[in-house]
Amino acid sequence: MPDPPPLLLLSFDGFRHDYIDRHPAPNLRWLRAAGSSAGRLRTVNISKTLPSHWSLITGAAPASHGLLANDFFSPDDGARFSAKAEHGDERWWQGAEPLWVTAERQGLRTAPQYWPGSDAVVRGVRPTYWKKFPEDRDLNFGRQVARAIGLLALPPERRPSFLTLYSDVVDKATHSAGPDGADAANAVAQADAMLGQLLRALAGAGWLGRANIVVVSDHGMVPVGRALPLVSRLPASELAQLRLAPKADEIKAHGAAILMLRPRRSLAPRRRAALLRAVRRRLDGWEGATLELWPPGGAASEQMGWLHMDCGDVVTLRAAATVAAGAQLERRGLTSHGAFTPAKEGLAGGGAHGYVPERCDAWGGTPHAMDGILLAHGPAFAAGARSAVF
């Protein structure tokens, strides 16, 4: 039996579902009109890059596959996972089977590149063609396209049936300057040009219309409305007894929409349980935030706390709260968030994600602001097929 038409899966990190219509995006709009699409792709809880990408490629929820966030502690032994430091550590990627492993087990060849987890051996299988996720974050899209076209030119017995491509141009820009300004529009234009580059290359190689193409994103973005200081709720003595994920320097620089708090293992079990109870009393309900105990039903002395901020808020380790002009009204959807200036407010970034998706569904700037995109084109997809949400 001949191999199926190749499938190319392209992820635009942080591409919110409304960007296609808010900004010029001719290639994305062409793909939508000529193929199948959803109005928005529902993101996962927690709406962060690594858990969302791993859910997209495995079909499992983060609570099932175990990749809970970009930064978190293992509920088993307290080991820290950090996207920047432990990305290549294979222990974290074994909770679910990604599509390339399933394909390889069926005798197909795969070539995921720069997809989270694609450089790890998962359940004893590595892709036929793989590349180490670059530590320098050099994700040159032209080279990715050239590599994909080169692999598709291989003889059938060596040609991969599944390939991935990835760009974080939109995520970087909207984290830095927020999702509503000129920088976001420029980033969308760059992403659209990347898709155009891929489509032209496929057409030139005779694959456009023969190969299946799926374009997705992992999450959306909202402007940061308020940065709320953790020290206003937790005494320094309690904070010193907690490990934090993300790490303190990252929280100071960017703030965090979600924060994991784990009592230090040096504390006695009874003290760990009492500390977490005190932390929950102080933080659960704080300015709309909630503190969830994890794992649910676990021994009190071994549990951790997930602090989920309200949509548009971030927690900071700075000594004073930073509030954008009009943020109290803006974050409730009564006015535009456009007045927020990250540099003026003392934050390094202007956009955030990682919220419980439902908390951003009624956000006033864009409903369902954590949701992404889903577009598909090729012989496996009916032209003109639409769904409101997938």
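Quantities reported herein were computed from a predicted structural model and do not represent experimental measurements.

A. Layout of the packing of helix 6 (residues 141–152) against helix 8 (residues 182–204). Where helix 6 contacts helix 8, the two axes come as close as 10 Å, and the packing angle between them is 25°. When the axis of helix 6 is compared with that of helix 8, the two are roughly parallel. Read as a crossing pair, helix 6 and helix 8 show a hand that is right-handed. Two secondary-structure elements touch here, helix 6 through F141, G142, V145, I149 and L152 and helix 8 through M194, Q197, L198, A201 and L202. Taken together, the residues of the contact of helix 6 with helix 8 break down into 8 nonpolar, 2 polar and no charged.

B. Region of the structure containing the confidence of the model for the protein. Mean pLDDT over the protein: 90, with 89% of residues reaching 70 or higher. Contacts for the low-pLDDT stretch residues 323–346, under 50 throughout, to residues beyond four places or in other chains number 42 contacts.

C. Representation of the nonpolar core. Counting 38 residues, the largest nonpolar core has F12, F15, L28 and V215 as its most contacted members. With 8 residues, the single largest contributor to this core is helix 8. If we skip the residues at most four places from it in the chain, F12 touches L28, S167, A191, M194, L195, V215, V216, S217 and D218. L261, L291, A352 and M370 belong to the second largest nonpolar core, which has 33 residues in total.

D. Structural detail: the pattern of salt bridges. All told, the structure shown has 17 salt bridges when counted by the stated rule. The partner of R16 in a salt bridge is D180, and the shortest N-O contact between them spans 3.8 Å. Separated by 164 residues along the polypeptide, R16 in the loop between strand 1 (7–12) and helix 1 (19–22) and D180 in the loop between helix 7 (169–177) and helix 8 bring together distant segments of the chain. Since its relative accessible area comes to 0%, R16 is described here as buried. In this structure D180 comes out as partly exposed when scored by relative accessible area, which is 33%. E302 is paired through a salt bridge with R272; the nearest N and O atoms lie 3.0 Å apart. Of this pair, E302 sits in the loop between strand 12 (290–294) and strand 13 (304–308) while R272 sits in helix 11 (residues 269–283), and the two are 30 residues apart along the sequence. Three or more residues are tied together by salt bridges with common partners; here these are R40, R42, E358, D361 and D371.

E. Quick peek at the side chain of E104. Position of E104 relative to the elements: it lies in helix 5 (residues 99–105). Despite its burial, E104 remains without a salt bridge, the nearest opposite charge being carried by R109 at 7.5 Å. A polar contact is formed between the side chain of E104 and the side chain of T110, at a distance of 2.7 Å.

F. Structural context of the pairing of strand 14 (residues 313–316). Of the two faces of strand 14, both are covered, the one formed by D313 and V315 as well as the one formed by V314 and T316. Note: strand 9 (residues 226–229) against strand 14, 4 bridges, orientation parallel. Among the inter-strand pairings, L228 is bridged to a residue of strand 14, identified as V315.

G. How the structure looks around the side chain of H23. Among the structural elements, H23 can be located in the loop between helix 1 and helix 2 (26–34). Residue class for H23 comes out buried when judged on its relative accessible area of 9%. Each residue touching H23, except ones within four places of it in the same chain, is listed here: R29, A185 and V188.

H. Spatial organisation of empty space enclosed by the protein. Tallied over the entire structure, the rule returns 1 cavity of 30 Å³ or more. The computed volume of the largest cavity comes to approximately 30 Å³. Together, R262, P263, R265, R272, S301, E302, Q303 and M304 line the largest cavity. A per-class count over the lining of the largest cavity returns 2 nonpolar, 2 polar and 4 charged.

Conventions we followed
- Residues numbered from 1 in each chain as written.
- Predicted model: local features only at pLDDT ≥ 70, side-chain atom pairs only at ≥ 80, totals over all residues.
- Heavy atoms only, no water.
- Axes fitted to C-alpha atoms, helices over the stretch in contact; angles between N-to-C directions.
- Helix = DSSP H or I, 4+ residues; strand = E, 2+ residues; numbered from the N terminus.
- Parallel < 35°, antiparallel > 145°, perpendicular 65-115°, else oblique.
- Left-handed = near helix turned anticlockwise from the far one by under 90°.
- Contact = heavy atoms within 4.5 Å.
- Nonpolar A, V, L, I, M, F, W, Y, C, P; charged D, E, K, R; others polar.
- pLDDT = per-residue confidence, 0-100.
- Core = buried A, V, L, I, M, F, W, Y, C linked by side-chain atoms within 4.5 Å.
- Buried < 20%, exposed > 50% of the residue type's maximum accessible area, 1.4 Å probe, protein only.
- Salt bridge = Lys/Arg side-chain N within 4 Å of Asp/Glu carboxyl O.
- Lys, Arg positive; Asp, Glu negative; His and termini not counted.
- Polar contact = N/O pair within 3.5 Å; in protein donor to acceptor, adjacent residues only side chain to side chain.
- Pairing = 2+ DSSP bridges.
- 1 Å grid on protein atoms, 1.4 Å probe; cavity = no way out; pocket = protein on both sides within 12 Å on 5 of 7 lines; lining within 4 Å.
- Points joined across faces, edges and corners; volume = space filled by probe spheres on them.

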